[in-house]
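Results of the structural survey
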Amino acid sequence: MIRRSKFVLALLAPLAALGLAIPAHAASPDLAKVLSQLDAASAQFHTAQADFKWDQYTSVVAATDTQTGTVFFKRGSVTTQMAAQIRQLNGKDDPKTIVYDGKALQLYQPRIHQITQFAAGKNKGQYESFLTLGFGGSGKDLAANWNITLVGNETLKDGATSVAVAHLDLVPKQESVRNMFSKVSIWVDPVHGVSLKQVFLEPTGDSRTAYYSNIKTNTPIDPKTFALDAKALGAQVVIHQ
C-alpha cells in the first residue's frame, strides 16, 4: 500500500501547490493575510490551465529528468478535476496523459496502449489536497494538513509579467505523507490562487520541482479534457484498487 501510494502521489506531486491548515491563533499577521487572500481567491476559482516544466532530480545518480506539457484544473462543488498532457521528456517526444475525475486517477501511455487506473476511495481527500496545492485551494484547507511557514514575499515572472507571490514552506502533519515528502515549498499568487513554482523534497534526497507559466484562470475548458475513453483510444485498462 505504501509503494502504491508513493507512486500515485509521485504523479500528483508536481500538479499541486496549495491545499490543507494551521490554527488561526498560531498564524503570524502576514501569514494570516496570505491565508485570507487564498480563501477569497478560492471562492472565485473555477478553472485554470498552464504550461508546465517538471524537473525530477534523483540524488543517487545526480541526474535530472524534465517533462513539459500543459495542465488543466476544474473545481466543482464536490471535487476538483485535473488533467495533465505531457508532451516531452528531456526534449524528446514522450506523450502521456494524467487525468483525475474525482473518482479515479488515470495514467494513459499511448506508446503501450495502456491506461493505468487507481481508485481514489478513502485516499480521495489526500489526492485532492495535493491537486489543490496552488490551484484553487483555500487557506483554511491548507492549514488543516500542513504546518506552514511564510518564508517571505517575492516576485516571479510569468512570461513578461511580474507576479507577486508568497513563498510558503509546508511540512506534512500526516506521518504517511512525511515518509514521502519531508517538506514542500510553494510560490503562490494569493490574489488569484495559483502557483508559479513548487518544490517537493523527499527524505531520500530526491526532489521534484514544478514551474508553471502562461497561467489562465476561469476560462472555458472542454469537459472531454478530464476523461479518457479507452475504447476510442484503443487502450487496455489496468485497474489498481
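Every value quoted in this text rests on a predicted model; they were computed, and no experiment measured them. (Residues numbered from 1 in each chain as written. Predicted model: local features only at pLDDT ≥ 70, side-chain atom pairs only at ≥ 80, totals over all residues. Heavy atoms only, no water.)

1. Concerning the overall build of the chain
Put simply, the rule reads: Secondary structure elements follow DSSP: runs of H or I no shorter than four residues count as helices, runs of E no shorter than two count as strands, and numbering proceeds from the N terminus. When accessible area is computed with a 1.4 Å probe and restricted to protein chains, residues below 20% of their type maximum are described as buried, those above 50% as exposed, and intermediate ones as partly exposed. The accessible surface values rely on the Shrake-Rupley method and a 1.4 Å probe; as for residues, cover is taken only from the protein chains in view.
Helix and strand content of the chain: six helices and twelve strands. Every one of the 241 residues in the chain was classed for burial, and the buried ones make up 50%. Here the chain has roughly 11,500 Å² of accessible surface; of this, 53% comes from carbon and sulfur atoms.

2. Quick word on helix α3 (residues 124-131)
The buried fraction of α3 amounts to six of the eight residues, a majority that puts the element mostly inside the structure. Here α3 has its buried residues at Gln126, Tyr127, Glu128, Ser129, Phe130 and Leu131.

3. Notes on the packing of aromatic side chains
To describe a pair of aromatic rings, you give the distance between the ring centres and the angle between the ring planes. Heads up, the condition is: Stacked, tilted and edge-to-face are the three classes assigned to paired rings of Phe, Tyr and Trp, where Trp is represented by its six-membered ring and a pair needs centres within 6.5 Å; plane angles under 30 degrees give stacked, over 60 edge-to-face, the rest tilted.
Scanning all chains against the criterion turns up four aromatic pairs. Judged by centre distance (5.1 Å) and plane angle (80 degrees), the rings of Phe135 and Tyr212 are edge-to-face. With Phe135 in the loop between α3 and α4 (139-142) and Tyr212 in strand β11 (residues 207-217), this pair connects stretches of sequence that are 77 residues apart. The burial state of Phe135 is the same as that of Tyr212; both residues are buried. Ring centres 5.4 Å apart and planes at 65 degrees place the aromatic pair Phe181 and Phe200 in the edge-to-face group. Note that Phe181 is positioned in the loop between α5 (175-178) and β9 (183-189) and Phe200 in strand β10 (residues 194-201), a separation of 19 residues in sequence.

4. Notes on the sheet that holds strand β6 (residues 114-119)
Rules: At least two DSSP bridges between two strands are needed for those strands to be called paired. Between the N-to-C directions of two axes lies an angle of 0 to 180 degrees, each axis being a line fitted to C-alpha atoms and, for a helix, fitted only over the stretch in contact. Note on definitions: a residue-residue contact is assigned when non-hydrogen atoms from the two residues lie within 4.5 Å.
An order of β7-β8-β9-β10-β11-β1-β2-β3-β4-β5-β6-β12 is seen for the twelve strands of this open sheet, with the pairing classed as mixed. Across the chains shown, the open sheet's two edge strands, defined by having one partner strand only, are β7 (146-158) and β12 (236-240). Shown here is a sheet whose adjacent strand axes are inclined to one another by a mean of 20 degrees, direction ignored. Two strands pair when backbone bridges link them, and strand β8 (residues 161-172) and β9 are joined in this way by five bridges, in the antiparallel orientation. Each residue of the ladder has a partner; that of His167, found in β9, is Trp187. Strands β2 (63-75), β7, β8 and β9 of the sheet are contacted by helix α2 (residues 29-44), whose axis makes an angle of about 70 degrees with β7.

5. Here's the deal with the pattern of salt bridges
What counts here: By salt bridge we mean one thing: a side-chain nitrogen of Lys or Arg within 4 Å of a carboxyl oxygen of Asp or Glu.
Under the criterion given, the structure shown has five salt bridges. The shortest N-O distance in the salt bridge between Asp55 and Lys53 comes to 3.0 Å. Judged by relative accessible area, which is 14%, Asp55 ranks as buried. The partner of Asp94 in a salt bridge is Lys96, with the nearest N and O atoms 2.8 Å apart. Each member of the pair, Asp94 together with Lys96, is buried. One continuous salt-bridge network, built from bridges that share partners, spans Asp94, Lys96 and Arg111.

6. A word on the nonpolar core
Where we set the bar: Put simply, buried Ala, Val, Leu, Ile, Met, Phe, Trp, Tyr and Cys residues joined by side-chain atoms within 4.5 Å make one nonpolar core.
In terms of nonpolar packing, the biggest core is built from 28 residues, with Trp54, Val71, Met82, Ile98 and Tyr212 touching the most fellow members. By residue number, the principal contributor to this core is strand β1 (residues 47-58), which donates four residues. Counting residues in hydrophobic clusters, the runner-up holds 21 residues, among them Ala143, Leu170, Val184 and Val188.

7. Notes on unusual backbone geometry
Despite not being glycine, Asn90 shows a phi value in the positive range, around 55 degrees. Structurally, Asn90 can be placed in the loop between β3 (80-89) and β4 (92-100). A residue is classified by how much of its surface remains accessible, and Asn90, at 41% relative accessible area, is partly exposed. One non-glycine residue, Asn218, lies in positive phi territory at about 55 degrees. Tracing the sequence through the fold places Asn218 in the loop between β11 and α6 (230-233).

8. Things to note about the confidence of the model for the chain
Heads up, the condition is: Scored between 0 and 100, pLDDT is the confidence that the predictor attaches to each residue.
For the chain, the mean per-residue pLDDT works out to 87, and 88% of the residues sit at or above 70. For the stretch residues 17-26, pLDDT sits under 50, and the model shows 49 contacts to residues farther than four places along the chain or on other chains.

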